[in-house]
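Summary of structural features
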Amino acid sequence: MDRALLVIGSVAYDTVETPSGSVDDALGGSALYASAAASLFVPVHLVGVVGTDFRIDDLDFMRQRRVDLGGLEVADGRTFRWSGVYEANLNVRHTRSTHLNVFADFSPRLPDGYRSDSVIFLGNIAPTLQAHVLDQLREPRWVALDTMDLWINTARGELEKVMTRVQMIIVNDAEARLLSGESNLVLAARRLMAMGPAAVVIKKGEHGVFLVTNDGYAALPALPILSVIDPTGAGDSFAGGMLGAIAASRDWSFAGLRRAMAYGTATASLAVESFSLDGLRTATRLMLEERYRWLRDIADIPEPVRADGGVHAGPNA
Ligand code: AMP
């Protein structure tokens, strides 16, 4: 059985300034972050577009990690570019510029070998392009959708149509509120479920992440990373790690999603420790498993206190 993950999203040159420094025209984009992350788990089928200015050899490390670039089109024109600056509080980011460039006329065409893929990540990109990908799939089983304020504000109708065709949506807290019209995040998740997806994942940056499905609610903190150098792509790395784990296990039960959410959290923690894709480039599966165990320890809650002030004996006592 083919356990590849299909990823569509932006392939970008990012110019980013954080309190730790800056990079110009560095590798980025939702599809590259998600693919680099997911390739720690499974082979990846990457769908996107770059311009003739793109240095394709820079993706050699991804090729070595079984990221197939057969769906990466090279079009006449310049590669998508995005630029952003972070405040001292790394939760606050300002976009300086977005140049769609070759994405303006992009229409994704899936290589034949990708059309039978069953686990799909529709990374942040125009909803019409996400829909084009869905149209070409034979029998998708678990499709996860990401989006951003730009598309919620400018292409809501298209986005809502895509939402009816996916099993999971992964958004941050601000996007969840904007898309649902609810300020309470649990109500927002419920409202998003009513729009289509059976599972809703809401990311809250350094405050962690939670999952809502009809089978329950689960939450995880972020790992307490002391040196956050560049939060760009944290969300995409989270999604790539989570979807990579789902594609590897083919387990989208509530327990499977909880486990995958922990892998997503572990993956994102590796991505933010360096600029651009460098954290994911040097990451190994072993490092990921260490972070996973660290997160399990952190999320563990001791036995409750008894009425007499003692502590209940746990199942292992
Ligand atoms: P995140 O930090 O998870 O929000 O993702 C940041 C990445 O999203 C950067 O690498 C950008 O290249 C990419 N990005 C920013 N704006 C857009 C957009 N409008 N469409 C697609 N990708 C974008």
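In what follows, the structure referred to is the one given above.
About the thresholds
Chains are numbered independently. Their residues run from 1 in the order of the written sequence. pLDDT decides what is reported in this predicted model: residues at 70 or higher carry local features, side-chain atom pairs at 80 or more are listed and counted, and totals for whole chains, interfaces and linings draw on all residues regardless. Values shown for side chains rest on all heavy atoms present in the structure; no hydrogens or waters enter the calculation. In these notes, residues near a molecule or strand are those with any non-hydrogen atom within 4 Å of it. Any pair of N or O atoms that falls within 3.5 Å is considered a polar contact. Within protein, one atom must be able to donate a hydrogen and the other to accept it, and sequence-neighbouring residues count only if both atoms are side-chain atoms. A run of H or I in DSSP counts as a helix once it spans at least four residues, and a run of E counts as a strand once it spans at least two, with each numbered from the N terminus. Note on residue categories: nonpolar means Ala, Val, Leu, Ile, Met, Phe, Trp, Tyr, Cys or Pro, charged means Asp, Glu, Lys or Arg, and polar means any other residue, Gly included. By definition here, a salt bridge exists when the distance from a side-chain nitrogen of Lys or Arg to a carboxyl oxygen of Asp or Glu is within 4 Å. Exposed residues in this analysis have more than 50% of their type's maximum accessible area, buried residues have under 20%, and partly exposed residues fall in between, with area computed by a 1.4 Å probe over protein chains only. Within this scheme, the nonpolar core is defined by two criteria: the residues are buried Ala, Val, Leu, Ile, Met, Phe, Trp, Tyr or Cys, and they are joined through side-chain atoms within 4.5 Å. Any pair of residues with heavy atoms lying within 4.5 Å of one another is described as a contacting pair. Only protein atoms enter the 1 Å grid used here, on which a cavity is any set of points holding a 1.4 Å probe that cannot leave and a pocket is any open set flanked by protein within 12 Å on both sides along at least five of seven lines; residues with an atom within 4 Å of a point are listed as lining. Grid points are joined across faces, edges and corners, and a volume is the space filled by probe spheres set on the points. Strands are treated as partners if at least two bridges between them are detected by DSSP. Here the term right-handed applies to a crossover when the path leading from its first strand over the helix to its second strand runs clockwise, the strands being oriented away from the viewer.

Regarding the site of the ligand
Taken together, 17 residues form the shell around the ligand, and within it Ser10, Asp14, Gly29, Arg93 and Gly233 come nearest. Residue serine 10 places a side-chain N or O atom 2.8 Å away from a nitrogen atom belonging to the ligand. Within the backbone of glycine 235, a nitrogen or oxygen atom sits 3.4 Å from an oxygen atom of the ligand. Listed by contribution, the elements that provide at least two residues to the shell around the ligand are strand E2 (12–18), strand E6 (80–86), helix H4 (149–154) and helix H8 (234–249). Partitioning the shell around the ligand into residue classes produces seven nonpolar, seven polar and three charged.

Quick look at the pattern of salt bridges
Scanning all chains against the criterion turns up 16 salt bridges. Here aspartate 60 ties to arginine 63 by a salt bridge, and the two come within 2.8 Å at their closest N and O atoms. Here the residue aspartate 60 and the residue arginine 63 both occupy positions in helix H2 (residues 60–64), the gap between them amounting to three residues, near one helical turn. Taking relative accessible area as the criterion, aspartate 60 reaches 31% and is therefore assigned partly exposed. Overall, arginine 63 belongs to the partly exposed group, its relative accessible area being 42%. Residue glutamate 158 is joined to lysine 161 by a salt bridge in which the shortest nitrogen-to-oxygen separation is 3.6 Å. Of this pair, glutamate 158 and lysine 161 both sit in helix H5 (residues 156–163), separated by three residues, roughly a single helical turn. The class for glutamate 158 is partly exposed, based on a relative accessible area of 30%. The class for lysine 161 is exposed, based on a relative accessible area of 51%.

Side note on the nonpolar core
In a soluble, globular protein the nonpolar side chains are often hidden away together inside. Formed by 62 residues in total, the largest nonpolar core has its most connected members in Met168, Met242, Leu243 and Ile246. Residue contacts for leucine 243: discarding those within four places in its chain leaves Leu5, Val119, Ile120, Phe121, Trp142, Ala144, Met168 and Ile170. Judged by nonpolar contacts, the second largest core, of 48 residues, contains Ile8, Val16, Phe103 and Trp151.

Observations regarding the layout of surface pockets
If a probe as big as a water molecule is rolled over the atoms, it shows which places are left empty. Here the second largest pocket defines a volume of roughly 360 Å³. For the second largest pocket, the lining is made up of 13 residues, of which Leu220, Arg258, Ala262, Tyr292 and Arg296 are closest to its centre. Those elements that place two or more of their residues in the lining of the second largest pocket are strand E13 (216–220), helix H9 (254–271) and helix H11 (285–299). Sorting elements by how many residues they give to the lining of the second largest pocket places H9 first, with five residues. In the lining of the second largest pocket, the residues fall into nine nonpolar, no polar and four charged.

Quick look at the pairing of strand E8 (residues 119–122)
Of the two faces of E8, the one carrying Val119 and Phe121 and the one carrying Ile120 and Leu122 are both buried. Where strand E1 (residues 5–8) and E8 come together, four bridges link them in parallel fashion. Pairing of leucine 6 across the sheet is with isoleucine 120, part of E8. When E8 meets strand E9 (residues 142–146), the two strands line up parallel, connected through four bridges. When the sheet's bridge partners are listed, phenylalanine 121 is paired in E9 with alanine 144. Since E8 and E9 lie parallel, the crossover through helix H3 (residues 127–135) that links them has a hand, and here it is right-handed.

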